[in-house]
Amino acid sequence: MSKLIVFRPDYDQIPADKWEEAGKFTPSVNGTHQTGDRIPETTQFYDYINPEHPEDPTHCRPGPWQILDDGQSYVADMPGMQDFDEVAVYRLGYSPLPESENPWEPLEVEHKTDFAGLTDEQMTDMGLTPEQFDQVRSRESVGV
Amino acid sequence: MMAKPRKITYRPATNPSRCDAMAKKYDWEQPQDPKLRYQANPTDPILSVNCGFYGDAEFPKSRMDLTQGDADE
């Protein structure tokens, strides 16, 4: 059972200078993601930054984009939709908090690099083949 | 609210589709931002991507050897 999630901008609630960004929201912010059975648990998207290394954020805060409804689900039973069982469409709105009420907060980041205790099943889930298990398990654990 | 957007745990994998599969199997939530979902790990020839998940993203302990239980906590 897998679900395709699509965000549909509600342009009545989005300022004109953000329409272009809203239109790109689905592909660029991963609206077409496949998250199994999961529906978005958070109606609030978060922003993440690191001024020095944008790819490795250190701070976060609630972002301006929000899911406005509980979503509508459609059974994906059309020919050619064999990759998904269901399509869920959520209404997307734009409602930034005032800058003074929305400080950046430290983001906690953890890197799991201790492989010695992982089971064969967990290693398989990581994409490893049995020939690679011992090599990866014997690696030194690397700190963050 | 189960998701914890204020913490991101990275777990290595061989490619991004493994991140998606682990999220589904273990019920971990992935960040919306693709930069955080799939962090390239170019120095590792095998585990070439770090998968980002909200919260702790712990493997269930039940089927693990409990003698190694909390070593990393």
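Residues numbered from 1 in each chain as written. Chains lettered and ligands numbered in written order. Predicted model: local features only at pLDDT ≥ 70, side-chain atom pairs only at ≥ 80, totals over all residues. Heavy atoms only, no water.

S.K.: Describe the overall build of chain A, naming the residues involved and giving the relevant values.
M.R.: Within chain A one finds 4 helices and 7 strands. Going from the N terminus to the C terminus, chain A shows its helices and strands as β-α-α-β-β-β-β-β-β-α-α. Here chain A holds 144 residues, and the buried ones make up 38% of them. Excluding contacts between residues fewer than 6 apart, the proportion of contacts in chain A whose partners are at least 24 apart in sequence is 60%. As displayed, chain A offers around 8,400 Å² of accessible surface, 51% of which is attributable to carbon and sulfur atoms. (Helix = DSSP H or I, 4+ residues; strand = E, 2+ residues; numbered from the N terminus. Buried < 20%, exposed > 50% of the residue type's maximum accessible area, 1.4 Å probe, protein only. Contact = heavy atoms within 4.5 Å. Areas by Shrake-Rupley, 256 points an atom, 1.4 Å probe, with all protein chains shown as cover.)

S.K.: Account for the packing of aromatic side chains, naming residues and giving values.
M.R.: Here a ring pair, both rings aromatic, is described through the centre-centre distance and the interplanar angle of the planes. Applying the stated criterion across every chain yields a total of 9 aromatic pairs over all chains. Here the aromatic rings of Tyr11(A) and Trp19(A) are separated by 6.0 Å at their centres, their planes lie at 80 degrees, and the arrangement is edge-to-face. An aromatic cluster of three or more residues is present, and its members are Tyr26(B), Trp28(B), Phe53(B) and Phe59(B). (Phe/Tyr/Trp six-rings, centres within 6.5 Å; stacked < 30°, edge-to-face > 60°.)

S.K.: Account for the state of the cysteines, with residues named and values stated.
M.R.: Residue and element names in this part refer to chain B. Within this structure, the stated rule accounts for 1 disulfide over all chains. Cys-19 shares a disulfide with Cys-51; S-S distance 2.1 Å. Handedness here is read from the sign of the S-S torsion; for Cys-19 and Cys-51, about -70 degrees, the answer is left-handed. Linking Cys-19 in helix α1 (residues 16–26) with Cys-51 in strand β3 (residues 49–54), this pair joins segments that are 32 residues apart in sequence. (Disulfide = S-S within 2.5 Å.)

S.K.: Quick rundown of the nonpolar core? Include the residues and the values.
M.R.: Core analysis: the biggest nonpolar cluster contains 20 residues, and Leu128(A) and Met22(B) have the highest contact counts within it. For this core, the secondary structure elements donating two or more residues are α4 (130–137) of chain A together with α1 and β3 of chain B. Here this core takes 4 residues from α1(B), the largest share from any one element. If near-sequence neighbours (up to four positions away) are discounted, Leu128(A) is found in contact with Met123(A), Phe133(A), Val136(A), Thr14(B), Ile46(B) and Leu47(B). Counting 11 residues, the second-largest nonpolar core is a separate cluster that includes Phe7(A), Phe45(A), Trp65(A) and Tyr90(A). (Core = buried A, V, L, I, M, F, W, Y, C linked by side-chain atoms within 4.5 Å.)

S.K.: So what about the confidence of the model for chain B? Which residues, and what values?
M.R.: Any region with low pLDDT has predicted coordinates that should not be read closely. Residue and element names in this part refer to chain B. Scored by pLDDT, chain B comes out at a mean of 81, with 79% of its residues at no less than 70. Looking over chain B, one finds the lowest element-wise mean pLDDT in helix α2 (residues 34–37), namely 81, and the highest in strand β1 (residues 7–13), namely 95. Prediction confidence for the complex, expressed as pTM and ipTM, is 0.77 and 0.80 respectively. (pLDDT = per-residue confidence, 0-100.)

S.K.: Run through the pattern of salt bridges, naming residues and quoting values.
M.R.: With the rule as written, the count across this model stands at 14 salt bridges over all chains. Of the charged contacts in the structure, one is a salt bridge between Glu108(A) and Lys7(B), with a shortest N-O distance of 3.7 Å. On the criterion of chain membership, the pair formed by Glu108(A) in strand β7 (residues 108–111) and Lys7(B) in strand β1 is interchain, its members lying in two chains. Judged by its relative accessible area of 9%, Lys7(B) falls in the buried class. Between Arg139(A) and Asp44(B) there is a salt bridge, with its nearest N and O atoms 2.6 Å apart. One end of the pair, Arg139(A), is in the segment after α4; the other, Asp44(B), is in the loop between β2 (38–40) and β3, on a second chain. A relative accessible area of 27% means that Arg139(A) is categorised as partly exposed. One network of salt bridges, in which partners are shared, links Glu108(A), Glu110(A), Lys112(A), Lys7(B), Asp56(B) and Glu58(B). (Salt bridge = Lys/Arg side-chain N within 4 Å of Asp/Glu carboxyl O.)

S.K.: Outline the environment of Tyr38(B), supporting the account with residue identities and numerical values.
M.R.: Residues and elements named next belong to chain B. Position of Tyr-38 among the secondary structure elements: in strand β2. For the pair Tyr-38 and Asp-20, spaced 18 residues apart in sequence, the C-alpha separation works out to 9.7 Å. Sequence-distant contacts of Tyr-38, defined by excluding residues within four places in its chain, comprise Pro-16, Cys-19, Asp-20, Gln-30, Val-49 and Asn-50. Of the polar contacts made by the side chain of Tyr-38, one reaches the side chain of Asp-20; its length is 2.7 Å. (Polar contact = N/O pair within 3.5 Å; in protein donor to acceptor, adjacent residues only side chain to side chain.)

S.K.: Pulling in residues and values, what's your account of the sheet that holds β7(A)?
M.R.: Judged by pairing direction, the sheet is mixed, and its 4 strands sit side by side in the order β7(A)-β1(B)-β3(B)-β2(B) without closing on themselves. Edge positions in the open sheet fall to β7 of chain A together with β2 of chain B, since each of these has one partner strand only. Taking the axes of each pair of neighbouring strands and ignoring which way they run, one obtains an average angle of 30 degrees across the sheet. Two strands pair when backbone bridges link them, and β2(B) and β3(B) are joined in this way by 3 bridges, in the antiparallel orientation. Within the sheet, the bridge partner assigned to Tyr38(B) lies in β3(B) and is Cys51(B). Against the sheet, α1(B) makes contact with β1, β2 and β3 of chain B, and its axis sits at roughly 30 degrees relative to β3(B), the strand it touches most. (Pairing = 2+ DSSP bridges. Axes fitted to C-alpha atoms, helices over the stretch in contact; angles between N-to-C directions.)

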